[in-house]
Amino acid sequence: MATQFSYCSSSSTTFTPSSFKNETHLFSRFHILPRKSHSCTWISLIRPRIRPRKHFQLKSSNGHPLNAVSLQDVGTSGVPLAKNDMEPQGKEESLPFSQSENLGPQLSITVVGASGDLAKKKIFPALFALYYEDWLPENFIVFGYARTKMTDEELRNMISRTLTCRIDQRENCEEKMDRFLKRCFYHSGQYNSEEHFAELNRKLQEKEAGKLSNRLFYLSIPPNIFVDVVKCASLRASSTSGWTRVIVEKPFGRDSESSGELTRCLKLYLTEDQIFRIDHYLGKELVENLSVLRFSNLVFEPLWSRNFIRSVQLIFSEDFGTEGRGGYFDNYGIIRDIMQNHLLQILALFAMETPVSLDAEDIRNEKVKVLRSMRPLQLDDVAVGQYKGHSKGGKSYPAYIDDPTVPNNSLTPTFAAAALFINNARWDGVPFLMKAGKALHTKRAEIRVQFRHVPGNLYKRNFGTDLDKATNELVLRVQPDEAIYLKINNKVPGLGMRLDRSDLNLLYRARYSREIPDAYERLLLDAVEGERRLFIRSDELDAAWALFTPLLKELEQKKIVPELYPYGSRGPVGAHYLAAKHNVRWGDLSGEAS
Ligand SMILES: NC(=O)C1=CN([C@@H]2O[C@H](COP(=O)(O)OP(=O)(O)OC[C@H]3O[C@@H](n4cnc5c(N)ncnc54)[C@H](OP(=O)(O)O)[C@@H]3O)[C@@H](O)[C@H]2O)C=CC1
Ligand SMILES: O=C1O[C@H](COP(=O)(O)O)[C@@H](O)[C@H](O)[C@H]1O
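Residues numbered from 1 in each chain as written. Chains lettered and ligands numbered in written order. Predicted model: local features only at pLDDT ≥ 70, side-chain atom pairs only at ≥ 80, totals over all residues.

## What to know about the environment of Arg310
Piece 1. Within the fold, Arg310 resides in strand β9 (residues 309–317).
Piece 2. With 20 C-beta atoms counted inside 10 Å, the residue Arg310 sits in the buried group.
Piece 3. Separated by 140 residues in the primary sequence, Arg310 and Gln450 place their C-alpha atoms 5.6 Å from one another.
Piece 4. Ignoring anything within four residues of it in the chain, the contact list for Arg310 reads Gln450, Phe451, Arg452, Thr471 and Val584. (Helix = DSSP H or I, 4+ residues; strand = E, 2+ residues; numbered from the N terminus. Buried ≥ 20, exposed ≤ 12 C-beta atoms within 10 Å, placed from the backbone. Contact = placed C-beta atoms within 7 Å.)

## Looking at the packing of helix α1 (residues 117–132) against helix α12 (residues 519–529)
Piece 1. Axis separation between α1 and α12 bottoms out at 9 Å; the angle between their running directions is 70 degrees. With respect to their mutual orientation, α1 and α12 come out roughly perpendicular. Residues Lys122, Ile123, Ala126, Leu127, Ala129 and Leu130 of α1 pack against Tyr520, Glu521, Leu524 and Leu525 of α12.
Piece 2. Its residues assigned to classes, the contact of α1 with α12 shows eight nonpolar, no polar and two charged. (Axes fitted to C-alpha atoms, helices over the stretch in contact; angles between N-to-C directions. Parallel < 35°, antiparallel > 145°, perpendicular 65-115°, else oblique. Nonpolar A, V, L, I, M, F, W, Y, C, P; charged D, E, K, R; others polar.)

## Concerning the domain arrangement of the protein
Piece 1. Taken domain by domain, the protein comprises domain 1 (102–278) and domain 2 (283–589).
Piece 2. Domain 1 and domain 2 are separated by 31 Å when their C-alpha centres are compared.
Piece 3. Contact residues are listed per partner, giving 27 residues for domain 1 and 23 residues for domain 2.
Piece 4. Of all the secondary-structure elements, those providing two or more residues to the side of domain 1 that touches domain 2 are α1, β7 (244–248), α6 (256–266) and β8 (275–278). (Domains from an automatic or database assignment.)

## A short note on the site of ligand 1
Piece 1. Around ligand 1, 19 residues are found, and the nearest of them are Gly116, Leu118, Ala146, Arg147 and Thr148.
Piece 2. Within the shell around ligand 1, the residues separate by chemical class into 10 nonpolar, five polar and four charged. (Near = placed C-beta within 6 Å.)

## What about α12?
Piece 1. Summarising burial for α12: 10 of the 11 residues are buried, a large majority.
Piece 2. Among all positions in α12, only Ala519, Tyr520, Glu521, Arg522, Leu523, Leu524, Leu525, Asp526, Ala527 and Val528 are buried.
Piece 3. In this structure, the buried residues of α12 make contact with β3 (106–112), α1, β6 (213–219), β7 and β8.
Piece 4. Gly530 occupies a position one or two residues after α12 and carries a positive phi of about 80 degrees.

## Examining the sheet that holds strand β19 (residues 535–536)
Piece 1. Reading across the sheet, the seven strands line up as β5-β4-β3-β6-β7-β8-β19 and stay open at both edges, with mixed pairing between neighbours. Among the strands making up the open sheet, the edge pair consists of β5 (184–188) and β19.
Piece 2. Here two bridges tie β8 to β19, and the two strands are oriented antiparallel to one another. Residue pairing across strands places Ile278 opposite Phe535, the latter belonging to β19.
Piece 3. Against the sheet, helix α2 (residues 152–162) touches β4 (140–146) and β5, its axis set at about 120 degrees to β5. (Pairing = 2+ DSSP bridges.)

## Some points on the packing of helix α10 (residues 360–372) against helix α13 (residues 538–557)
Piece 1. One can describe the packing of α10 onto α13 by two numbers: an axis separation of 9 Å at closest approach and a directional angle of 20 degrees. Here α10 lies roughly parallel to α13, going by the angle between them. For the pair α10 and α13, the crossing hand works out as left-handed. Packed against α10, whose contacting residues are Arg364, Lys367, Val368, Leu371 and Arg372, the element α13 presents Asp539, Glu540, Ala543, Ala544 and Leu547 at the interface.
Piece 2. In terms of residue class, the contact of α10 with α13 is built from five nonpolar, no polar and five charged. (Left-handed = near helix turned anticlockwise from the far one by under 90°.)

## Looking at the site of ligand 2
Piece 1. Every residue close to ligand 2 is listed here: His280, Glu318, Asp337 and Ala445.
Piece 2. Counted by class, the shell around ligand 2 contains one nonpolar, one polar and two charged residues.

## Some remarks on the sheet that holds β9
Piece 1. Taking strand neighbours across the sheet as the criterion, the nine strands line up as β18-β17-β16-β15-β9-β14-β13-β10-β20 in an open arrangement whose pairing is mixed. Edge positions in the open sheet fall to β18 (499–507) and β20 (563–566), since each of these has one partner strand only. Strand after strand, the sheet turns through a mean of 20 degrees between neighbouring axes, direction not considered.
Piece 2. Where β9 lies against strand β14 (residues 432–437), six bridges are found, and the strand directions are parallel. Looking at the pairing, Phe316 lines up with Ala436 of β14.
Piece 3. Taken strand by strand, helix α14 (residues 574–581) contacts β10 (382–388), β13 (415–420), β14 and β20, and its axis lies near 165 degrees from that of β10.

Following this line, the structure appears as C-alpha cells:
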C-alpha cells in the first residue's frame, strides 16, 4: 500500500522565501537570452562580441522586453558589468573558455540527482542539444550533484557514454561535445547537508569568478528529498547577484493533502516565481501546437464546443511495462503517473477559453478556470486494469507483479480509462475520455476530437446504418511520428457515387526537414528565460488534485481490483464499456493507417 512521507523535516521551522533571491530582484532582469524574437520588440542592448552568437538577445525574465535600467553598474553597452568581466580568465581548469566568451552574466545549472536515470536519459542530452544549437548563454557551467562519488572526469565520461540525442549525427558533434564537457563539473554530497551545499556554493563561486550569476537547480531526485534539497540549496547555494530558480520534477504529491504540504514546504524557501514545476508533456511539439491550431485558424475555434464536438479523447499508451521503475510506480499508479498531470494538462489547454494574451499568467488563469469547472471523478467514471504475463511468438512477457520491486498482491492500476466532464457553457455534456496504459500493443500519445454527425446528412445511405463511420475526426498525434490530420468524407473518383474516408494530413516528417527538439530542451530553455507558460502554477496543481483525489482514495479504500489484461494487448474491455456508456467509441481502435 501507499507509503506516506512528510516533505518538511521540520514543519515548525520558519524560513522566509527571502533566503533565495527574489525573482523580481532588479539584477535578475538583466541576462542575455538566447531566444529568437517571437512577437515582442527587443531592446538592443547587446554589446559587440568578438564571436557573436546568432540567437542572443536581451530580455527580462518574464519574457517581456526590457524597459528598466538595473541599479547595478552597467557598461557602455548597457549590459551589467561584473567585477571580473573584462579581466583575463584565470587557470585553464577554472573556466576553459576563451576571453571572448567571458562577457555577460553567468548561468550555473546544477543537476541534483545527476547519477540518476532521468539526468542521463534526458537532462544532460537536452543541455548538450541546447549548447550545440547555441541556445545557451555564452557563460554557462553545469554541475552534477548526487551522493555517488565521482570526479569531474567520471561525470564527463558518464555524460558522453549515455548521451544519445538528436544531435548525434550532426557536423562537429564530437568537437562540440568536448567543449560542452569541459563546462561540466561534479560535486558529491548528501541531499540534506547544508555543509555539502555550502561546498557546492564555493565551487560554483570559483567558476563564476565574481560575475553576475544566475543559478538554476534541476531536482532530478525522488520526491521525498525535494524539500531537503531546496532548503540546503536556498540557504547555502542560492545566487547572491542574479536569480535562482528551481525546476521540480513530478510527482508533486500523491493527493491534494500531500501536494498542498509539498507546496507549503517549498514555499518556506522559495517564492512561487522561483518554482518551475515541470510536466514534460507541455514541452512536446504537438502540445505546443494545440493552441496555435485553435487560436490562429479561423476554421477550428468556431467548432470548438459542445455544439459540434461529440467527444474528446486523450490517449497515452506504452508498449513496455514498468521495467526498472516498479518501486516508484507501485506507490503512484497510472492515474497519478500520466492522467492527473500529462493528460489533464493537455485537456486544460484544449478546453480553456481564449486567454487575454500569450502571457504565462493569462494562459495559466484560463487553465485553472477550466480545471475548476470540472466535476471530480467518481468510481463510475473509470475502468482500471493491470497487465498480466503473456507469451507470444515464443517470447514471454512478465506480469506487473513479476517486477521484483512490486508486491505480489499489488492492486496498483497500470491502465486506466476515465470520463471527465466540464460543467461550463462551452462543454456541458461532452465526455472527455482519457485512456492511459503500460504494456499495451503500441507506443502512442494522441488527442482525438470526434465531431457530431452531420444533421440530415444527404449521403447517409452511403454509410449504411453506421453513421459513426461518417463523423469527422481531428487527430493530433503527439508521438510517435508527429502529425495533425482531419478525417473527412469524399467521393471516390468515377462515375458512381461511392463515398470514402480520407485524411487531410499534416505529417511533420514530410512537411519539415528539421528534427523536432525534445520536450526537455524547450522546458530547460524556458526555465532559463523565466518563461513560465509551460510550467504548472500551484493553483493549477491544487485544481488538478481536487479532481482526482476522491477517486484515488475510493480506489484505495475499497481495494478495487483492476481487470487483468495481457502484456501487449489493447487493454481491458472495461475501457470499451466506459466509452459505450457515453455513447462513443475509442478512435484509436479503428485500425487506421495514418
Ligand atoms: N526516469 C524517468 O523517466 C522520469 C523520472 N521522473 C522524475 O524525475 C525524478 C528523478 O527520476 P530518476 O532519475 O528516474 O530517479 P532515480 O531513482 O534514478 O534517482 C535519481 C538519483 O537520486 C538518488 N536517489 C535515488 N533514490 C534515493 C533515495 N531513496 N534517497 C536519496 N537519494 C536517492 C540517486 O543518486 P545518488 O545515490 O548518487 O545520490 C539517483 O541516482 C523523480 O522525481 C521521478 O519521479 C519524471 C518523469 C520521467
Ligand atoms: O512522466 C512519465 O512519462 C513517461 C513517458 O514519457 P514519454 O515522453 O516517453 O512519452 C512514462 O514512461 C513515465 O512512466 C512517466 O513517469
